[in-house]
Amino acid sequence: MPLNKGFEGREFAAAPPYEVTAESIREFADAIGDPNPLYRDEAAAKEAGYEAIIAPPTYLTKLNFIYSAEMMLDPDLGLNYALVVHGEQEYEYRRPVKAGDVLIATPKIAAITAKGRNELLVTEAVIRTADGEQVAVARSTIVSRGTAPQEG
Amino acid sequence: MGARIAAKDLTQGQELPSWSYKVVREDLVRYANASGDGNPIHQNEEFAKSVGLPDVIAHGMHTMGRMGEYVTDWAGDPGVVERFKTRFSAMVVVPAEGGNTVTVAGTVAEKLEGDRVRLDLVATTQDGAAVAKGEAIVALA
């Protein structure tokens, strides 16, 4: 069944604040196998000019599961999770995420378009600190396989 | 803070040294735990096959994470990445025996104002399939 086009442009409430810990950064860096000391060693991060340990660029994927749940699970959207694959991911960064940040993501559904038999659901989240400083924008394209409206 | 690569030393079309990594099942379990993506298609062979996949597949974001390492290691500072985008075009299949080896390659696609460059990136599995194509804008010295 096609996705509900009425959701296009819909904005959702800000996700709960997410506290970035040094431990979660190290754990994430270990998981992608990236040994960079700036992700682990506060002295190295400070020597490089940062206030604290910084996070790898794709660390923000951890927030994705927090802010996208409400959108994706809304029964009126009509998304069947078994048919979903991740098509594309994009980040724009104002600065690196660092340990001690408290991040709040405000998500919306930017677009719902048909492409062949599939539909593309584009979500966009602006990620700010609790103080309102914008840190990044995250855009995800989710492919809903085989749900495009069929003509005739 | 700052890149170790100077924009003036690069030319459009220049290829960066490629880099390979191995991915095995244990990596995907670790990634699932750290990222919060517990989808069983990335861990459970029986489940993956039951939904029509050839075997366990890597998380797209695991591949993008490793492509990020390629960029930040080359540039010399993770803080210089301004934009990073990846399109997932095929699956990284990770069999129980031997896993898979992925090669990441980059090209200087465009020189931008302010000592910034746009890189084109491609990740290819050991059987030659391009699994992810990306681009990154980085601020260089």
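Higher on the page you've got the structure.
Basis of the calculations
Residues numbered from 1 in each chain as written. Chains lettered and ligands numbered in written order. Predicted model: local features only at pLDDT ≥ 70, side-chain atom pairs only at ≥ 80, totals over all residues. Helix = DSSP H or I, 4+ residues; strand = E, 2+ residues; numbered from the N terminus. Buried ≥ 20, exposed ≤ 12 C-beta atoms within 10 Å, placed from the backbone. Contact = placed C-beta atoms within 7 Å. Nonpolar A, V, L, I, M, F, W, Y, C, P; charged D, E, K, R; others polar. Pairing = 2+ DSSP bridges. Arc of directions from axis to C-beta. Core = buried A, V, L, I, M, F, W, Y, C linked by C-beta atoms within 7 Å. Axes fitted to C-alpha atoms, helices over the stretch in contact; angles between N-to-C directions. Expected span 1.5 Å × (residues − 1).

Asker: Could you give an account of the overall build of chain B, naming the residues involved and the relevant values?
Answerer: A tally of helices and strands in chain B yields 3 helices and 5 strands. In sequence order, the secondary structure elements of chain B are arranged as β-α-α-α-β-β-β-β. Taken along the three principal axes of its C-alpha coordinates, chain B extends 50 × 30 × 20 Å. The buried share of chain B, taken over its 141 residues, is 41%. In chain B, the share of contacts with a sequence separation of at least 24, taken over all contacts with a separation of at least 6, comes to 66%.

Asker: Tell me what's going on with the overall build of chain A, and back it up with residues and numbers.
Answerer: Helix and strand counts for chain A come out as 3 helices and 5 strands. Ordered by position from the N terminus, the helices and strands of chain A form the series β-α-α-α-β-β-β-β. In terms of overall dimensions, chain A has a C-alpha envelope of 65 × 30 × 20 Å along the principal axes. Here chain A, with 152 residues, has 38% of them falling under the buried criterion. Long-range contacts, defined here as pairs at least 24 residues apart, represent 71% of the contacts in chain A between residues at least 6 apart.

Asker: So what about the interface of chain A and chain B? Which residues, and what values?
Answerer: One frequent convention defines the size of an interface as the accessible area lost when the parts assemble. Contacts between the two partners involve 29 residues from chain A, matched on the other side by 30 residues from chain B. Counting residues per element, the ones that place at least two in the side of chain A that touches chain B are helix H1 (22–32), helix H3 (61–73) and strand E2 (84–93) of chain A. Ranked by residues supplied to the side of chain A that touches chain B, first place goes to E2 of chain A with 8 residues. Its residues placed into classes, the side of chain A that touches chain B shows 14 nonpolar, 8 polar and 7 charged. Inspection of the sheet shows E2 of chain A paired to strand E2 (residues 81–88) of chain B by 5 bridges, in the antiparallel sense. In the strand pairing of E2 of chain B, Gln 89 of chain A is matched with Thr 86 of chain B.

Asker: I'd like a rundown of H1 of chain A, residues and numbers included.
Answerer: For H1 of chain A, the set of buried residues is Ile 25, Phe 28, Ala 29, Ala 31 and Ile 32 of chain A. Angularly, the buried residues of H1 of chain A cover 160° about the axis, an arc narrow enough to put them on a single face. In this fold, the buried residues of H1 of chain A make contact with H3 of chain A together with helix H1 (25–35) and helix H3 (60–75) of chain B.

Asker: Explain the nonpolar core to me, and be specific about the residues and the numbers.
Answerer: Nonpolar side chains tend to gather and get buried jointly when the protein is soluble and globular. Core analysis: the biggest nonpolar cluster contains 66 residues, and Ile 25 and Ile 127 of chain A together with Ile 57, Val 92 and Val 138 of chain B have the highest contact counts within it. In terms of residue count, H3 of chain B provides more of this core than any other element does, 6 residues in total. If we ignore the near neighbours within four places in the chain, the residues touching Ile 25 of chain A are Val 20, Tyr 39, Ile 53, Ala 55, Tyr 59 and Ala 99 of chain A. Grouped together as the second largest cluster of nonpolar side chains are 7 residues, Leu 3, Ile 112, Leu 121 and Ile 142 of chain A included.

Asker: Describe in detail the environment of Arg 25 of chain B, supporting the description with residues and values.
Answerer: Residue and element names in this part refer to chain B. Topologically, Arg 25 is positioned in helix H1. Residue Arg 25 is classed as partly exposed on the basis of its 19 C-beta neighbours within 10 Å. Separated by 52 residues in the primary sequence, Arg 25 and Asp 77 have C-alpha atoms spaced 29 Å apart. Once you skip the residues sitting within four places of it in the chain, Arg 25 turns out to touch Val 56, Val 94, Ala 96 and Gly 99.

Asker: I'd like to hear about the sheet that holds strand E5 (residues 134–144) of chain A, residue by residue, with values.
Answerer: In space, the 10 strands of this open sheet follow the order E1(A)-E3(A)-E4(A)-E5(A)-E2(A)-E2(B)-E5(B)-E4(B)-E3(B)-E1(B), with antiparallel pairing throughout. The open sheet has two edge strands with one neighbour each: strand E1 (18–19) of chain A together with strand E1 (19–23) of chain B. Against the sheet, H3 of chain A contacts E1, strand E3 (102–115), strand E4 (118–129) and E5 of chain A, and its axis sits at roughly 55° relative to E3 of chain A.

Asker: Break down the pairing of E2 of chain A for me, citing the residues and quoting the values.
Answerer: Inspection of the sheet shows E2 of chain A paired to E5 of chain A by 9 bridges, in the antiparallel sense. Across the sheet, Glu 92 of chain A pairs through a bridge with Val 137 of chain A, a residue of E5 of chain A.

Asker: Hey, could you go over H3 of chain B for me, with residue numbers and the actual values?
Answerer: All names here are of chain B. The terminal C-alpha atoms of H3 lie 23 Å apart, and with 16 residues this matches the ideal 22 Å at 1.5 Å per residue to within 8%. Along H3, 14 of the 16 residues are buried, which leaves the element largely enclosed by surrounding structure. Of the residues one or two after H3, Gly 76 is the one with positive phi, at around 95°.

Asker: Describe the environment of Arg 30 of chain B, listing the residues and the values that go with them.
Answerer: Structurally, Arg 30 of chain B can be placed in helix H1. Considered as a pair, Arg 30 of chain B and Gly 106 of chain B are 76 residues apart in the sequence and their alpha carbons are 27 Å apart.

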